[in-house]
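Architecture at a glance
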Amino acid sequence: MILNAVLFGHGSHEAAWRSPNMRATAPLELSHWVDCARLAEEAGFDGVFLGDILCLQDRPEQHPSEALDPLMVLAALAGVTDRLRLIGTASTSFNHPVHLARRLLTLNHLSGGRAGWNIVTSSYPQEARLFGWPEMPPTRERYDLAEEVVSAVQSLWSAWDDSHRTADKATGQWLDMAPKEVQLEGGFGRIDGALNLSPAPYARPLLAQAGSSPTGLRFATRHADQVFTVQSDINGAKAFRAQVRQGAIEAGRHPDAVRVLPGLVPFVAETKQAAEADLADLTRLIGMAHILPKLERFTGLSFADLDPDSPLPYGPNDVSEITFSNSRAHLLVAQAEREGMTLRQFAARFAAGRGHLLVVGTGRDVAETMQTWVDVGAADGFNIMPPLLPSGIQTFGTHVMPHLSR
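Residues numbered from 1 in each chain as written. Predicted model: local features only at pLDDT ≥ 70, side-chain atom pairs only at ≥ 80, totals over all residues. Heavy atoms only, no water.

**Quick word on the overall build of the protein chain**
Helix and strand counts for the protein chain come out as 14 helices and 13 strands. For 406 residues, the compact-globule formula gives about 22 Å, and the C-alpha radius of gyration of the protein chain, at 22 Å, lands near that figure. Out of the 406 residues in the protein chain, the part that is buried amounts to 51%. For the protein chain, the distance from the average site of its 35 positive side-chain charges to the average site of its 45 negative ones is 3 Å. (Helix = DSSP H or I, 4+ residues; strand = E, 2+ residues; numbered from the N terminus. Rg over C-alpha atoms; globule rule 2.2 N^0.38 Å. Buried < 20%, exposed > 50% of the residue type's maximum accessible area, 1.4 Å probe, protein only. Lys, Arg positive; Asp, Glu negative; His and termini not counted. Charge placed at Lys NZ, Arg CZ, Asp CG, Glu CD.)

Quick look at the structure:
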């Protein structure tokens, strides 16, 4: 099982920052990230994963959406960890390939070859406006640009394949030959030259990607080493993983070259009742005025005139073909319809993990769920999304890891 700890600000739960034991400004302080990384390494995680959004989100006066640059945070964590893969998010829509290629190799060198890139195309309309775009382009256009950018990054790295660093002080020779110059043109502009950093002596950074739409899935099966996905139903997850593995074969890759990691939100305690109480405590802190506009943007649906305690009147076919996160919105609304959720329950479910697999129970409960998913071919591992940070990492390590080890 591949296990990444998702370090998402205060934690994966929308109300995490309001928890009584949470330092409200913790994610703006290096000590917070150091604590998370050290606890993750001690617990036995394989990697840490930092997401990123390049804009203030809805209602920033009511909810924290300030965020540090993930690659800079991971560079700091490289110095306090020895083993963890350090996976950071960077957008292909708003970064030039030269910047991406160099920053990722820099992290790879600083960490001794442990860097990873979570490739995103970005989706918030605020991000488009912030970078001077009139609107966010449709999914296909964003992925067309992503294909160009990722291919360019890989070309800049591979241009060093036949050039070796000799660093011979006696002869004054640094390289046995100069790297090839890259000439490329695309939606990102033009490249004419060579990157001023070699990948050697390390393997290239791991590539991760989270798109579950048909376009995103085709992209992932061509490029990704790890596919991050939102799955809350084991049968749907099994079908998705089979689709990824078949796509890898069609792309000329071995199916085991692409690992599928669903997100998992664990509320875990000594007893199931205590875990349910922890979830209820955070649920009570959710501000409906904050969560409903966010949910409307996420799904493209309107909740303005609905009774919060009546069943949600929507199904997955009602989700508009929006440019935000269409595949995830379909999954989330389908789950709400399947379970007969009210709007209030739907909002609480979204706040707890945005549609990811939510497991509430003892360490054995969580471990058995994870093992079952892997055994039936629904996952190769998980992106663990602790509801509170850093305490949730320690709790997972204490309650779940011993059962997984056994």
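Now that the structure is up, let's keep going.
**Re the pattern of salt bridges**
Enumeration according to the criterion identifies 16 salt bridges in this entry. With a shortest N-O distance of 2.3 Å, R284 and D281 are connected by a salt bridge. Residue classification places D281 among the partly exposed positions, given a relative accessible area of 39%. The salt bridge partner of R364 is E368, with a shortest N-O separation of 3.9 Å. Placement of both R364 and E368 in helix 12 (residues 363–375) is noted, with a separation of four residues, approximately one turn of the helix. By relative accessible area, which is 45% here, R364 ends up partly exposed. (Salt bridge = Lys/Arg side-chain N within 4 Å of Asp/Glu carboxyl O.)

**Concerning the packing of helix 9 (residues 288–299) against helix 11 (residues 343–353)**
Between helix 9 and helix 11, the shortest axis-to-axis distance is 10 Å and the interhelical angle comes to 80 degrees. Put simply, helix 9 runs roughly perpendicular to helix 11. Seen from helix 9, the contacting residues are M288, I291, L292, K294, L295, F298 and T299; seen from helix 11, they are L343, R344, F346, A347, F350 and A351. Considered class by class, the residues forming the contact of helix 9 with helix 11 number ten nonpolar, one polar and two charged. (Axes fitted to C-alpha atoms, helices over the stretch in contact; angles between N-to-C directions. Parallel < 35°, antiparallel > 145°, perpendicular 65-115°, else oblique. Contact = heavy atoms within 4.5 Å. Nonpolar A, V, L, I, M, F, W, Y, C, P; charged D, E, K, R; others polar.)

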